[in-house]
Amino acid sequence: MSMSPPPETLGLGAEPIDLKQAMDIKSDDRSDQDTNLVAISSIDENEPLVTRRELWSYYLYYNGDNGVGPLGYTQTLFQALATAAGYDPIAGPGSSCLADTASGQCVVPWGSGTKSVSSVVLVANGISFAIMTAIFTTIGSAADYGTFGRWLLFAVTVVCWAAQYACMALTSPSRWVLAMILYIIGFVSYGATLVFYAAVFPRLARNTPHARQLREKYENSEIPPDVYEQEESLEKNRISNISNVHGNFGFVVTYALNLSLLLPMAGNSKVDNYVLVLVNTYWVVLGIWWFIFQEPRPGPKLPKGEWYLTVGWKQIFAALKTYKRLPYTFVYLFSFFLLADGLNTTGTLVSICQNDKFSFSFLQNTYLGLSQAITSTISTLAFWYIQRYWKISTKAMFVVTNIATILIPLWGMIGIWTEKFGFHNVWEFWAYNVVFGLFQAPYYAFSQTMMAELSPPGFDNMFFGLFGLSNRASSMIGPSVIQATIDKTGNNWQGFPFLFAMCAGASLIIWFGVDVTQGRRDAVRWANEQRGHPH
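For clarity, every value in this text was computed on a predicted model and none was experimentally measured.

About the thresholds
Residues numbered from 1 in each chain as written. Predicted model: local features only at pLDDT ≥ 70, side-chain atom pairs only at ≥ 80, totals over all residues. Heavy atoms only, no water. Helix = DSSP H or I, 4+ residues; strand = E, 2+ residues; numbered from the N terminus. Buried < 20%, exposed > 50% of the residue type's maximum accessible area, 1.4 Å probe, protein only. Salt bridge = Lys/Arg side-chain N within 4 Å of Asp/Glu carboxyl O. 1 Å grid on protein atoms, 1.4 Å probe; cavity = no way out; pocket = protein on both sides within 12 Å on 5 of 7 lines; lining within 4 Å. Points joined across faces, edges and corners; volume = space filled by probe spheres on them. Nonpolar A, V, L, I, M, F, W, Y, C, P; charged D, E, K, R; others polar.

(A) Main features of unusual backbone geometry. For Ser 359, which is not a glycine, the phi torsion comes out positive at approximately 55°. Inspection of the secondary structure puts Ser 359 in the loop between helix H12 (327-357) and helix H13 (362-390). Taking relative accessible area as the criterion, Ser 359 reaches 57% and is therefore assigned exposed. In this model, Phe 360 sits at a positive phi of 60°, which is unusual for a non-glycine residue. With respect to the helices, strands and loops of the structure, Phe 360 is situated in the loop between H12 and H13.

Structure below.
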């Protein structure tokens, strides 16, 4: 058989590794070959075995990178300063949005006119997601080459740390524009850390002692292919779930530490800024060890004549041309783009309503965050135990957790027609944070594992970059539509119907249109083709 790459090969290389082609070709029919293809992930025999110290440093990074600062407190501070700087459009310029007689609407100067504070927050999110899109598409795939991915994660981490420390300057309403800028920088860099951190875990999962033993047993015919596939999938879920538990445990610890400042310094005007410094320092102390203890597993050298800023686009374009060979991978990416857009925008909209309800209180948000963090930690462990005990597939677990994604915007819709329900009452925000913790925390873990199973081995950063585009950078449609709706109606709750439709439609596509088992086999075959392995 010819060793030359097929016509649609990327030709740009990825991991130069021995990929076992487990095919028993009994006919020339493509469908028959697909049936006999076993999804064996790639392992470079020369790659270092994952050590306990390295794995723990990986978990600790996510423990610190829990999002309390960039996603939670920074948005609250930004929205609070903008609200304090704005005025009530009903009462006119010079009025206060915080007055007892205020109408509940609040606008700030925007261009030649004004824009509601809620819309400004959504615009900031839209800008953030657009920037993330540019990052993930331009340099996401380049992270598969050499040590670029390692240094890329370090760079975006440092930028996020710097943006969080810079929030000490946000001490007056007149600086709300600076708050918006720092929020965008922090949001973008934080989203990038999650994507490039997640891209590491498939390679870690392929090099754990357990994964190596599984492969040896398979190669020695000690275990059948279906057992190998199931056990390898569970190993990926193990690392994904444990890292998610650490992230949620970091939530609990961070919020608890914040109370040490928020309670005794309740009367200090800068206490919110001090809390952001504390949250960020917690991440720095725990996160730095990953960059020290990470074992070197570089990818191939960048092909001659290629540039880091252009190779990503070439790979993505080439991959899109071969989408018919990875149908389930691309169906998942497309539908998850819509699902994540709906979920991310729903979270932002609920946060806006929550901040308004609790008057931008860091203390109250800390209590609510603790309820979410504790339930998230418990639920992630519980779902992982259930999956491991009954050997339930990743997709089945994802579907169960995904139901809450649809119900949250549906509940918000009710608030259009009544103030008795639909995120108008204090108890509803407590319920939201508990439900979010119970279902959405394991949802993130299982969605990440599904992407790992549908990604061609050795092209992890490339496809996790696309996953980041579908996940963290997806919310460009939602914020644009919702902020226009809020500007037109003056009612935050009018945005929920659109979000419900997005979440429900995308979920149904994933539930009934993605075959993870076949998709995993397609991914291994595709990776082989790109390296010119005989088919």
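(B) Looking closely at the pattern of salt bridges. Per the counting criterion, the structure on display carries 11 salt bridges. Among the ionic pairs, Glu 229 bridges to Arg 521, the shortest N-O distance being 3.0 Å. With a gap of 292 residues between them, Glu 229 in helix H9 (residues 225-262) and Arg 521 in helix H19 (residues 516-530) connect regions that are remote in the sequence. Residue Arg 521 is classed as buried on the basis of its relative accessible area, which comes to 18%. In this structure, the salt-bridge partner of Arg 525 is Asp 522, at a minimum N-O distance of 3.4 Å. With a gap of three residues between them, Arg 525 and Asp 522 both fall in helix H19, about one helical turn apart. By relative accessible area, which is 4% here, Arg 525 ends up buried. For Asp 522, a relative accessible area of 5% gives the class buried. Put simply, Glu 229, Glu 453, Arg 520 and Arg 521 are held in one network by salt bridges that share partners.

(C) Quick look at the layout of surface pockets. Volume-wise, the largest pocket comes out at about 820 Å³. Around the largest pocket, the lining is made up of 34 residues, and of these Gly 104, Gln 105, Cys 106, Asp 356 and Asn 492 lie nearest the centre. Those elements that provide at least two residues to the lining of the largest pocket are helix H3 (68-85), strand S2 (113-116), helix H4 (117-139), H12 and helix H17 (477-489). With four residues, the top contributor of residues to the lining of the largest pocket is H12. When grouped by side-chain class, the residues that make up the lining of the largest pocket number 15 nonpolar, 13 polar and six charged. Estimates place the volume of the second largest pocket at around 330 Å³. Lining the second largest pocket are 20 residues, with Leu 77, Ala 80, Ser 269, Asp 272 and Phe 360 sitting closest to its centre.

Spatial relationships are all this shows, so hold off on functional conclusions.
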